[in-house]
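# Observations on the model geometry
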Amino acid sequence: PSPGVPREDAGMARNERVLCVAGLALFLLALLRGFFIPLFARSDAARAVHTTALESGTFLIAVGLLWPRLAFGPRPASVWGALLAASLYAITIGLTVGATYRVDDEHNHSVAASISMALNAGGGVGLIVALIAAALGFGGVAGTAATIAQVLFFVFLVLFVVSLFAGWGRRPAP
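A quick note: this is a predicted structure, and the numbers were derived from the prediction, not measured.

Below, the discussion takes up the overall build of the chain. Of the regular secondary structure elements, the chain holds 5 helices and 0 strands. Tracing the chain from N to C terminus, the helices and strands come up as α-α-α-α-α. When each of the 174 residues of the chain is scored for burial, the buried share is 38%. In the chain, of all internal contacts separated by at least 6 residues, the share reaching a separation of at least 24 is 77%. Carbon and sulfur atoms provide 70% of the accessible area of the chain, an area that totals close to 10,000 Å².

Take a look at the structure:
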């Protein structure tokens, strides 16, 4: 921290930057994903993922820019920002996995279906817990939720990559 700048302000500047970078990364990944929409088994779902990721990235950038106007304490603010970003990424990854198989072929892709459902449910629950914990200022609840969200995010990210490679050579039946 710079001399004369309170520690909280330095932390808030970091949160702003992290949220804006996370939002920009999600936005750019959504733009890149748009080129691959025809390769998904369900192009309608892939277009929905594309739109959702663009909106989520834009939302993270907006929250990052509005961060100084939000009234959170330093610890709840960091936790809320981390859970917000992790939840939106988890939902986007879950929807992407769901677009990799056809609905009528779900029984052949039970692992991918389970991953998709878990990521979407976990992302939604994580977002709700983050909002409630940040609003009520329960640092302990928010800290525990953030740790769980980070662990689950990386576990499901690995499972997502594995499921992509496992289904790489398979083509949907005509």
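Now for the confidence of the model for the chain. Close inspection of predicted coordinates is inappropriate for parts of the model with low pLDDT. When pLDDT is averaged along the chain, the result is 74, and 66% of the positions lie at 70 or above. Taken element by element, the predicted model of the chain shows its lowest mean pLDDT in helix α5 (residues 139-166) (65) and its highest in helix α2 (residues 43-66) (87). The low-confidence segment residues 4-9 (pLDDT under 50) makes 2 contacts with residues lying over four places distant or belonging to another chain.

By size, the foremost hydrophobic cluster in this structure holds 15 residues, and its most contacted members are Leu60, Val63, Trp67 and Leu84. Sorting the residues of this core by element identifies α1 (7-34), α2 and α3 (74-98) as the ones contributing at least two each. With 8 residues, the next largest nonpolar core counts Ala90, Val97, Tyr101 and Ala113 among its residues.

With that out of the way, let us pick up a nonpolar patch on the surface. Together, Leu29, Leu32, Phe35, Phe36 and Leu39 give the surface a local cluster of nonpolar side chains, amounting to about 570 Å² of exposed area. One can find Leu39 in the loop between α1 and α2.

With respect to the helices and strands, the residue Ala99 is situated in the loop between α3 and α4 (110-136). Spatially, the C-alpha atom of Ala99 lies 10.0 Å from that of Leu39, the residues being 60 residues apart in sequence. When neighbours within four sequence positions are excluded, Ala99 is seen to be in contact with Phe40, Ala41, Arg42, Ala45 and Ala46.

Quick notes on the rules
- Residues numbered from 1 in each chain as written.
- Predicted model: local features only at pLDDT ≥ 70, side-chain atom pairs only at ≥ 80, totals over all residues.
- Heavy atoms only, no water.
- Helix = DSSP H or I, 4+ residues; strand = E, 2+ residues; numbered from the N terminus.
- Buried < 20%, exposed > 50% of the residue type's maximum accessible area, 1.4 Å probe, protein only.
- Contact = heavy atoms within 4.5 Å.
- Areas by Shrake-Rupley, 256 points an atom, 1.4 Å probe, with all protein chains shown as cover.
- pLDDT = per-residue confidence, 0-100.
- Core = buried A, V, L, I, M, F, W, Y, C linked by side-chain atoms within 4.5 Å.
- Patch = residues over 30% accessible without salt bridge, like charges linked within 9 Å, V, L, I, M, F, W, Y side chains within 5 Å.
- Salt bridge = Lys/Arg side-chain N within 4 Å of Asp/Glu carboxyl O.

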